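Structure at a glance
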There are 2 protein chains.
Amino acid sequence: MEPSQTLTLGDISREHRFVHANRLAVVDGDVRLTYDEVDVRTTRLANALADVGVHPGSRVLWLGQNSYRMLEVLIACAKLGAVVCPANWRQTAEELEFVINDLDPSVVFWQHQEVGDTTRSARRGAACAAVWIQHDTDSVSGYESFLAAGNGADQERLVDPSSSVLALYTAAFEGRPNAALLSHTSMMAQSYLLARAMDIDHTTVTINAGPLFHVAAYMWLLPTFLSGGTNVFVSRADPAEVCLLIQAERVTTGFLLPPIIERILELNADGRFDLSSYRASARSDPRWIAMTSVDRSPFGRRSGGYGQSEVMALATYNSIGPDSIGSHGRTSPAARVRIVDADMNDVDTGEAGEIVLRGPIVGNGYWNRAELTEHRRRGGWWHTQDLGRREPDGSISFIAPMSRMIKSAAENIYPAEVESCLESHPDVAEAAVIGLPDERWGQSVEAIVVLLPGAAVSAAGLIDFCKSKIASYKKPRSVRFVDSLPSVNGAKDYATLDRIYGGGNYPGSRTTGRPGQGGGTRRARPS
Amino acid sequence: MEPSQTLTLGDISREHRFVHANRLAVVDGDVRLTYDEVDVRTTRLANALADVGVHPGSRVLWLGQNSYRMLEVLIACAKLGAVVCPANWRQTAEELEFVINDLDPSVVFWQHQEVGDTTRSARRGAACAAVWIQHDTDSVSGYESFLAAGNGADQERLVDPSSSVLALYTAAFEGRPNAALLSHTSMMAQSYLLARAMDIDHTTVTINAGPLFHVAAYMWLLPTFLSGGTNVFVSRADPAEVCLLIQAERVTTGFLLPPIIERILELNADGRFDLSSYRASARSDPRWIAMTSVDRSPFGRRSGGYGQSEVMALATYNSIGPDSIGSHGRTSPAARVRIVDADMNDVDTGEAGEIVLRGPIVGNGYWNRAELTEHRRRGGWWHTQDLGRREPDGSISFIAPMSRMIKSAAENIYPAEVESCLESHPDVAEAAVIGLPDERWGQSVEAIVVLLPGAAVSAAGLIDFCKSKIASYKKPRSVRFVDSLPSVNGAKDYATLDRIYGGGNYPGSRTTGRPGQGGGTRRARPS
């Protein structure tokens, strides 16, 4: 790339040193830093990291909760061409050990508070020669001393914007977690679009209460940073602390997960906190709308869309175009979307298929997973492994991850799609679809269905209903009525369903089906 | 570049075929086309162009006025990896001949109406083997037949987004015009930001009345296209036609040059046209605000910024940050800006220097000018050859092009900066600065000044004033008071000033100064 055409997150900080010099960049407890200060500090930090061997492509691991220091490490890595990975601090020592060994970082920033024991235990178990630096200490071996020892002169190293700068471990769909690599290009293109979709500018005050190891956090953090707004950090989402900060800092938007909002609604039922500065519509609860200023934001009610970590969040935006039939809005002008079958043929409008993407938002695949990366990029399109549908108005519905698939003869059948069809029947409360081993076809589709009270649709009736809605080969061969479905962490527990009802022989699995062990129809009560 | 990370203007059209299928993409006279139709037609056009030899990197010349067909040619070229150049149709046959020979196009789309004679004359003079296709005819050799003969199957050729797709000839600062090359990446990054700054979305109806050979036209056309809005075209800006279209199509924004607005204000003084749908604030004239809905747009009053063709318009935006001291707002999040001296050292805040830029908005230099392109890109920064200043609040003031420079000893002195200083004196109506040949220093600075009626500042007083405001070496050595300055096309006529007052020995010129031939102080009356 021609050097005059390059721009990185480090350059944004360098420019902000002039453009937003005295504007407040970060608030975190007693710490308040301007954009000028953040740029000076991240230059020192970058030079200090270079001094201990961090070079272009090196990984730096963040083993801590939310902190403005994580943003500083991101910008410092950006200036070096290195990659920062904020790990999920809720993981066990064993899981963290996997991350340390897999990422092979040059430097680990770690935290004593709350996660120190797990971290120390993981460190003992891992085979890693990293430099470990505690971030939450005033000691001479801590973050602040490390940073202060760095040279203050900006080297202005030339960094390729297509290089990776952020790594986020994603769900272990493939059996182990993989770190999605995101480039400057991807993060900046998204930030330009998100700033509009989220109504973020230099007056924005963002609360970073959702975890920085989740891609969604960057949907607020980055556009706010790029726009010269203020990022407020809390180590973890405590409802009272969040309320106090919204009130004290006149916070306008942020990443608040639904459970926190639920607790804020309870905590602030008497209006003891003034949350009127807050304009982000995380939900349409009338109590939330009453205690905030959600309706002052033109895009608040239409935020969100479909995306995943590997593309730096959104590929479709609810805010684009008129209201959509699809559940997840319309394609971003930074992407193309296709819905394809296993041979990369476009499926028809209204049919389910894999969502594949192309565009500058697509990241660099996965750290240390060359084969998987190539597989996900095959044919020049990023394969999301998510099931979606193009609706008649051109909008997109996301259905479910394709992590579970049934194979009947040569056909791929996604339980999520069949379940979505069954659950659209007026008599059905809930449905789960499993694959039963079948000598002739490999698998056959069985639906496990909970009916609504008083409903009386028959198995044949449901099968006919599916046949009228989706391709015939996807319809259940058999239906089993039960009183309830087993669940784990709020989601359907397919492992238990397979065990009870005899699911198995899934493609790629070594599980062979066992005959159904569950109770009879309508009497099954999984433990 | 990894194919899954590519996205071009052609891909935007392909995606819009689904996302905005039935939305009106273009209106031009009786022609009304949806996004679905535009995508189908541009695929045919791309294939037709490929059939006559247009390949990646080929140039296609548009010798016509504004038309939806120019947008179609742009998208077709985007699908092929080719470059379209809309030439200035107001040029003479000789000037067009230069463009044809310089661009060496494979295909020329030309227009009979209004510019046919000049075009035919230029064609006869040019040495060019292009295929010539008339766009404004229904004959079998015309545009519509050419397009219809193209295959309807989209080849989906892989095009590198960093390749050039648009060429715009710029002012002949270097003695001849140069065609600035703009990439997909540059045009798309700008469009994401402009859509916000101009409040453009799928409900936007844009009138393309300003010329498509000017970069500013693309500040409306492209974000509207990328957002799924409607582009209305008029062949040239006729005030009555523009008013009729704003009224009939409920136009919301567009590229209207100030002279046209002036004529609309006269024409519509009695309110015969309903322009209430129009929300773009091209100016703050109260009559304009009264007859439009400018104040409904959050960004209307703060549109614009500093830019140039070579970076696809804006590098700074008035809409970024709070109101700025600088005349041209703050740096775009898609750019870095430095103000430098001739050795690429940053000059101090408040000092004038060359504006140099970096970022994805920077284009690919100039067609067929490898040496100039490298020169403008030297040191990894795009040299704008514009004089600017960083203000104390970090914002940017554009002063003037650096096309004129005086060299005194080793110092570069830009007349525009000294004039700007002189004109800030309360007694001065107007000032022009020239360089007088000087045996010892090469040149010395002379100011030609028109005072306001009744003002009585002395030459020494003005020189002292300049010394207090700008570096001492830039202050005029001599001041000459005159009644008026010669002008050409509304700008100061430096050629005449040099001739009358003896300017010369400019760096790089072969002009040697002649002794002043003009009249005496306060009596000079240039013809």
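Up top you'll find the structure we're talking about.
Because the structure is a prediction, the values reported are computed rather than measured. (Residues numbered from 1 in each chain as written. Chains lettered and ligands numbered in written order. Predicted model: local features only at pLDDT ≥ 70, side-chain atom pairs only at ≥ 80, totals over all residues. Heavy atoms only, no water.)

1. Points about the overall build of chain A
How we decide: What counts as a helix is a DSSP run of H or I of at least four residues, what counts as a strand is a run of E of at least two, and both are numbered from the N terminus. Note on method: radius of gyration uses C-alpha positions; expected globular size equals 2.2 Å times residues raised to 0.38. Accessible area is worked out with a 1.4 Å probe on protein chains only. A residue is then buried under 20% of its type maximum, exposed over 50%, and partly exposed in between. Should any heavy atoms of two residues lie within 4.5 Å, those residues are considered in contact. Residue burial considers only the protein chains on display, and all accessible areas are found by Shrake-Rupley using a 1.4 Å probe.
A count of helices and strands for chain A gives 15 helices and 26 strands. Whereas a compact globule of 527 residues would reach a radius of gyration of roughly 24 Å, chain A reaches 25 Å, a difference of no more than 12%. If you line up chain A on its principal axes, its C-alpha atoms span 75 × 50 × 45 Å. The proportion of buried residues among the 527 residues of chain A is 59%. Restricting to contacts in chain A with at least 6 residues of sequence separation, those with at least 24 account for 65%. Just so you have it, chain A exposes about 20,500 Å², and 48% of that area is on carbon and sulfur atoms.

2. Focus on the interface of chain B and chain A
The condition that has to hold: The term buried area denotes the loss of accessible surface (1.4 Å probe radius) that occurs when two parts are joined, taken as the sum for both partners. Salt bridge, as applied in this entry: a Lys or Arg side-chain nitrogen positioned within 4 Å of an Asp or Glu carboxyl oxygen. In this classification, the charged set is Asp, Glu, Lys and Arg, the nonpolar set is Ala, Val, Leu, Ile, Met, Phe, Trp, Tyr, Cys and Pro, and all remaining amino acids, among them Gly, are polar.
Counting from both sides, the interface comprises 49 residues of chain B and, opposite them, 49 residues of chain A. Of the roughly 4,100 Å² buried between chain B and chain A on both sides combined, carbon and sulfur atoms contribute 50%. The largest per-residue losses of area from chain B upon contact with chain A belong to B:Y192, B:R196 and B:R336, which jointly make up 18% of the total buried on that side. On inspection of chain B and its partner chain A, the count reaches 12 salt bridges. One salt bridge connects A:E2 with B:R377, and the closest N-O pair in it is separated by 3.4 Å. Those elements giving two or more residues to the side of chain B that touches chain A turn out to be α1 (9-19), α7 (184-197), β15 (330-331), β16 (336-340), β17 (352-358) and β18 (382-390) of chain B. Classifying every residue of the side of chain B that touches chain A gives 22 nonpolar, 12 polar and 15 charged.

3. Points about the sheet that holds strand β1 (residues 24-28) of chain B
All names here are of chain B. Which entries qualify depends on this criterion: Should DSSP find at least two bridges between two strands, the strands are regarded as paired. Angles run from 0 to 180 degrees between N-to-C directions of axes, and those axes are lines fitted to C-alpha atoms, restricted for helices to the stretch in contact.
The five strands are arranged β2-β1-β10-β9-β11 in an open sheet whose pairing can be described as mixed. In this open sheet, the two edge strands, each paired with only one partner strand, are β2 (31-34) and β11 (253-255). On average, each strand axis in the sheet is tilted by 15° relative to the strand beside it, whichever way the strands run. Bridging between β1 and β2 involves four bridges; their strand directions are antiparallel.

4. Describing the sheet that holds strand β18 (residues 382-390) of chain A
Spatially, β16-β17-β18-β19 (chain A) is the arrangement adopted by the four strands of the open sheet, whose pairing is antiparallel. The open sheet is flanked by β16 (336-340) and β19 (396-401) of chain A, the only strands paired with a single partner. Strand after strand, the sheet turns through a mean of 45° between neighbouring axes, direction not considered. Summarising the sheet, β18(A) and β19(A) pair through five bridges and their orientation is antiparallel. Across the sheet, A:G388 pairs through a bridge with A:F398, a residue of β19(A). Sheet strands in contact with helix α13 (residues 415-422) of chain A are β17 (352-358), β18 and β19 of chain A, and its direction is about 115° off that of β19(A). Most of the contacts of α1(B) go to β16(A), to which it runs at about 55°, and overall it touches β16, β17 and β18 of chain A.

5. Description of the pairing of strand β5 (residues 107-110) of chain B
All names here are of chain B. Residues V107 and F109 of β5 are buried on one face, and the alternating residues V108 and W110, pointing to the opposite face, are buried as well. Summarising the sheet, strand β3 (residues 59-63) and β5 pair through four bridges and their orientation is parallel. Pairing of L63 across the sheet is with W110, part of β5. In terms of strand pairing, β5 meets strand β6 (residues 131-134) through four bridges, oriented parallel.

6. Concerning the pattern of salt bridges
Evaluation of the coordinates by the stated rule reveals 67 salt bridges over all chains. A:E417 is the salt-bridge partner of A:K474, the closest N and O atoms lying 3.1 Å from each other. Linking A:K474 in the loop between α14 (459-469) and β24 (478-481) with A:E417 in helix α13, this pair joins segments that are 57 residues apart in sequence. There is no split in this pair, since A:K474 and A:E417 are both buried. Sharing partners across several salt bridges, the network here consists of A:D11, A:R14, A:D154, A:E156, B:R336 and B:R358.

7. Some points on helix α9 (residues 239-249) of chain B
Residue and element names in this part refer to chain B. Convention followed: To be clear, the arc concerns the directions from the helix axis to the C-beta atoms.
All buried positions along α9 are accounted for by P239, V242, C243, L245, I246 and E249. Buried residues of α9, viewed axially, fall in a sector of 165°; they line one side. Here the buried face of α9 lies against β1, β2, β9 (205-208), β10 (230-233) and α10 (258-267). Positive phi shows up at R250, right after α9, with a value of about 50°.

8. Overview of the nonpolar core
Inside soluble globular proteins, nonpolar side chains tend to come together where they are buried. What counts, and what does not: Side-chain atoms within 4.5 Å are what join buried Ala, Val, Leu, Ile, Met, Phe, Trp, Tyr and Cys residues into a set we call a nonpolar core.
Within the largest apolar cluster, 159 residues are counted, with the highest numbers of intra-cluster contacts made by A:L9, A:F109, A:Y218, B:L9, B:F109, B:L166 and B:Y218. When near neighbours in sequence (up to four residues on either side) are disregarded, B:L166 contacts B:M70, B:L74, B:V83, B:V84, B:P86, B:A180, B:L181, B:L182, B:M187 and B:Y218.

9. Things to note about the pairing of strand β24 (residues 478-481) of chain B
All names here are of chain B. Here is the rule we go by: Orient the strands so they point away from the viewer, and a crossover whose first-strand-to-second-strand path over the helix runs clockwise is right-handed.
Pairing analysis gives four bridges linking strand β23 (residues 442-451) to β24, with the strands arranged parallel. Bridge pairing in β24 places A447 opposite V479. Following the chain from β23 across helix α14 (residues 459-469) to the adjacent parallel β24, one finds a crossover that is right-handed.

10. Let's talk about the packing of aromatic side chains
All names here are of chain A. This is how the line gets drawn: Pairing of aromatic rings covers Phe, Tyr and Trp, the last through its six-membered ring, and needs centres within 6.5 Å; plane angles under 30 degrees mean stacked, over 60 mean edge-to-face, and all others mean tilted. Criterion for a charge above a ring: Arg CZ or Lys NZ at most 6 Å from the ring centre, at most 35 degrees from the ring normal.
Counting across every chain of the model gives 16 aromatic pairs over all chains. Look at Y35 and F225: their rings are 5.4 Å apart centre to centre, the planes differ by 50°, and that puts the pair in the tilted class. Here F225 lies in helix α8 (residues 215-227) and Y35 lies in helix α2 (residues 35-51), a separation of 190 residues in the sequence. By relative accessible area, which is 1% here, Y35 ends up buried. Judged by centre distance (5.4 Å) and plane angle (25°), the rings of Y306 and F398 are stacked. Of the two residues, Y306 sits in the loop between α11 (286-291) and β12 (307-308) while F398 sits in strand β19, which places them 92 residues apart along the sequence. A residue is classified by how much of its surface remains accessible, and Y306, at 2% relative accessible area, is buried. The partly exposed category is assigned to F398, whose relative accessible area is 26%. Taken together, the aromatic side chains of W62, F109, Y143 and F146 make up a single cluster linked through ring pairs. Across from the ring centre of W381, 5.0 Å away, lies the NZ or CZ of R338, which sits over that ring. Of note, R358 hangs over the ring of W381, and the distance from its end group to the ring centre comes to 5.2 Å.

11. With respect to the environment of A:V433
All names here are of chain A. For V433, the position within the fold is in strand β22 (residues 428-438). Expressed as a C-alpha distance, the spacing of V433 and V418, which sit 15 residues apart in the sequence, is 7.0 Å. Among all residues touching V433, those that are not within four sequence positions of it are R404, I406, P415, V418, E419, L422, V445, E446, A447 and Y494.

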